[in-house]
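Notes for the structure review
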Amino acid sequence: MQKLELKPFEFKGDYINGEFVKAKSPNGEWQIVSPANLKDKIVQVSFQNSHVDEACKAARQAYKGWASLSLEKRKEYLLKLKAVFAAGVDRMAELISRETGKPLWETKTEAAGLANKIDITLEHSLKLVAEERIKNALPGVDGVIRYKSRGVMAVVGPFNFPAHLPNGHIIPALIMGNTIVFKPSEKTPAVGQLMAEFIHEAGFPPGVFNLVQGQVEVGKRLVQSDKVDGVLFTGSYEVGLRIKQDTLEHYWKILALEMGGKNTTVVWDDANLEKAVYETITGAYLSSGQRCSGTSKVVLHKSIRDRFLENFHEAAKKISVGHWSENVFMGPLISAESVDKYTRFQEIAKREGAECLMRGKQLSLDYEGYYVTPSIYLIDKPNPDSMYQKNEIFGPNVAVYTTDDFDEAMDIVNMSGYGLASALFSSNRELYERALLEARVGILNWNRTTNGASSRLPFGGMNKSGNDRPSAHFAVQYCSVPVASLEDETQFDAQKLFPGIQYSFKA
């Protein structure tokens, strides 16, 4: 097999006040190696903690000028960025594939979505924050609802969608008049830098967008900075909780925390099984299970259990796993630690009494990387205290439950403490409406997998999955502050004084 010839990515440093700046006194460095090919050494990254304050200062200084621009002028900048995004789809897709290992067909969709997010925000989402005038909000006085920017927004990105998910915060924040300091995941710094290069090419004013690379300490300094007015985060529950704790005394900061899921698909006795099996395969194993909306649990009606499992198991065994440049369905996990976690949780599942229908194991392929096979475990009895049943694994693993009691199915949906997404396969709309009421999730799909989302809808969850700040279509709302105004253009009327006031104006 012909090997790809890939060049190392040129590290330019942090992007502060319109310039790339390398660390003069680095506090640390690390190397990024592709999880799909450990011989593909992508980039050597160094970081400097003090750059966080410099970036926040630049964003603060740029804020007034950017916020003062008209909405139409900010649109012009974003439309220039849209053109840059569109021209850079292939470059971005290949880099995402190298850093994450996701197949190229999948990353091309992510890269194309960057420009689409701008269109959707400008054409649809801005309607949510349009100015509204209320006649006679008080007798004889009009009211106006307007939305203005918040200030400096820290965007903390994940590795699994290293361009699309940060972009989902950045675009709404920019159009509303906020400035940005973006910290990409330490697992995908090259994609973060390329985002900064694209924004630089679009010609945004210095300081409007800034990038800082780093690990835990850089992230901590960023979210705790007194120059930051909001933190927009996508990632794990554990990191989101730390951000909440780190900003506990910063009550003025808006936090938009999207923190993963333990998502359930329910397949009932009247479902279209051919469709349900296929959709659940994609829900469970797309992106090697490394999606916050991925399917972790499947609840099967007792009467269709055997037929579903037979087809699901056969399809899972035939999933192709390989390098991102090949036409495969699954790439690798992101790291050796992820492989260890995936393996460890399978052992936990067996210790807790789950039956292994398909064991997930590490693969040795032509390209050395963190490749694993899918896994399926059968659960005899739901247990909300089970480590395996309640924790997000972030790998291609599915736990399968059986019941003919819809109340029990809803209990299984809700028992993990997460509440991002769920799916119901059934032709019975009454069951769907029950699920809408009873499932404690922010996303409920009918006859479609838990995976995938529309930017024209809100994206967020309940409980451990978030803090009631849904993203996607609704992101413009947490990137803005509603301002109420009473506008009184009437003349002063001395006959309408409140009782007890002796008022005589002397000209």
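Residues numbered from 1 in each chain as written. Predicted model: local features only at pLDDT ≥ 70, side-chain atom pairs only at ≥ 80, totals over all residues. Heavy atoms only, no water.

1. Some points on the sheet that holds strand 13 (residues 295-301)
Spatially, 14-15-16-13-12-18-19 is the arrangement adopted by the 7 strands of the open sheet, whose pairing is mixed. Because the sheet does not close on itself, it has two edges, and the strands there are strand 14 (355-358) and strand 19 (443-446). Taken over all neighbouring pairs, the strand axes of this sheet differ in orientation by 20° on average, direction set aside. Lying over the sheet, helix 14 (residues 429-438) contacts strand 18 (421-425) and strand 19, oriented at roughly 175° with respect to strand 19. (Pairing = 2+ DSSP bridges. Helix = DSSP H or I, 4+ residues; strand = E, 2+ residues; numbered from the N terminus. Axes fitted to C-alpha atoms, helices over the stretch in contact; angles between N-to-C directions. Contact = heavy atoms within 4.5 Å.)

2. Notes on the packing of aromatic side chains
Counting across every chain of the model gives 18 aromatic pairs. Relative to F47, the ring of W30 has its centre 5.8 Å away and its plane inclined at 55°; by these criteria the two rings are tilted. Of this pair, W30 sits in strand 3 (residues 28-34) while F47 sits in strand 4 (residues 37-47); the two residues are 17 residues apart in sequence, bridging distant segments of the chain. The two residues W30 and F47 agree in class, both being buried. (Phe/Tyr/Trp six-rings, centres within 6.5 Å; stacked < 30°, edge-to-face > 60°. Buried < 20%, exposed > 50% of the residue type's maximum accessible area, 1.4 Å probe, protein only.)

3. Regarding the pairing of strand 19
Every other side chain in a regular strand lies on the same face of the sheet, so the side chains alternate between the two faces. Of the strand pairs in this sheet, strand 18 and strand 19 are connected by 4 bridges, and their pairing is parallel. Looking at strand 19, one finds that A423 is bridged to N445. Traced from strand 18 through helix 14 to strand 19, the parallel crossover comes out right-handed. (Right-handed = clockwise from strand over helix to strand, strands pointing away.)

4. So, the side chain of S375
Along the chain, the position of S375 falls in strand 15 (residues 375-378). Classification of S375 by relative accessible area gives buried; the value is 0%. Excluding residues that lie within four positions of it along the chain, S375 makes contacts with Y285, Y342, Q346, M358, R359, G360, P396, N397 and V398.

5. Observations concerning a nonpolar patch on the surface
Residues F492, L497, F498, I501, Y503 and F505 make up a contiguous nonpolar surface patch of roughly 730 Å² in combined accessible area. Within the fold, F492 resides in the segment after strand 23 (480-487). (Patch = residues over 30% accessible without salt bridge, like charges linked within 9 Å, V, L, I, M, F, W, Y side chains within 5 Å. Areas by Shrake-Rupley, 256 points an atom, 1.4 Å probe, with all protein chains shown as cover. Salt bridge = Lys/Arg side-chain N within 4 Å of Asp/Glu carboxyl O.)

6. A few points about unusual backbone geometry
For S287, which is not a glycine, the phi torsion comes out positive at approximately 60°. Relative to the elements of secondary structure, S287 occurs in the loop between helix 9 (273-285) and strand 13. On the basis of relative accessible area, S287 is assigned to the buried category, the value being 4%. Despite not being glycine, N447 has its phi angle at roughly 60°, a positive value. Relative to the helices and strands, N447 is located in the loop between strand 19 and strand 20 (458-459). Among the residues examined, N447 registers a relative accessible area of 21% and is labelled partly exposed.

7. Examining the sheet that holds strand 5 (residues 132-138)
Across the sheet, 3 strands lie side by side as 5-6-23; this open sheet has antiparallel pairing. If you trace the sheet from one side to the other, it starts and ends with strand 5 and strand 23, each paired once. The mean inter-strand angle of the sheet, taken between neighbouring strand axes irrespective of direction, is 30°. Bridge analysis of strand 6 (residues 141-149) against strand 23 gives 8 bridges, and the strand direction is antiparallel. Paired with G143 across the strands is L486, a residue of strand 23.

8. Details of helix 3 (residues 89-100)
In this model, helix 3 (12 residues) spans 16 Å end to end at C-alpha, consistent with the 16 Å of a helix rising 1.5 Å per residue. For helix 3, the buried fraction is high: 9 of the 12 residues fall into the buried class. The inward-facing, buried residues of helix 3 contact strand 3, strand 4, helix 2 (71-87), helix 4 (104-123) and helix 6 (189-201). Immediately downstream of helix 3, the backbone of G101 shows phi near 85°, a positive value. (Expected span 1.5 Å × (residues − 1).)

9. Comments concerning the nonpolar core
Most often, soluble globular proteins keep nonpolar side chains buried together rather than apart. One finds L81, M92 and F204 to be the most contacted residues of the largest nonpolar core, which totals 79 residues. Discounting residues that sit within four places of it in the chain, F204 has contacts with W66, Y77, L78, L81, L174 and I199. (Core = buried A, V, L, I, M, F, W, Y, C linked by side-chain atoms within 4.5 Å.)

10. Focus: the pairing of strand 8 (residues 179-183)
Extensive coverage of strand 8 is indicated by the burial of 5 of its 5 residues. Going residue by residue along strand 8, you find T179, V181 and K183 tucked away on one face and I180 and F182 tucked away on the opposite face as well. As paired strands, strand 7 (residues 152-156) and strand 8 are joined by 5 bridges and run parallel to one another. In the sheet register, V155 faces strand 8, and the bridge partner there is F182. Handedness of the β-α-β unit built from strand 7, helix 5 (residues 164-175) and strand 8 comes out right-handed. Alignment of strand 8 against strand 9 (residues 209-211), held across 3 bridges, turns out to be parallel.

11. Quick word on the packing of helix 13 (residues 406-414) against helix 14
Where helix 13 meets helix 14, the closest approach of the two axes is 11 Å, and the angle between their N-to-C directions is 40°. The angle between helix 13 and helix 14 falls in the class oblique. The interaxial crossing formed by helix 13 with helix 14 has right-handed handedness. Together, F406, D407, M410 and N414 of helix 13 and L431, R434, A435 and E438 of helix 14 make up the contact between the two elements. Split into classes, the residues belonging to the contact of helix 13 with helix 14 amount to 4 nonpolar, 1 polar and 3 charged. (Parallel < 35°, antiparallel > 145°, perpendicular 65-115°, else oblique. Left-handed = near helix turned anticlockwise from the far one by under 90°. Nonpolar A, V, L, I, M, F, W, Y, C, P; charged D, E, K, R; others polar.)

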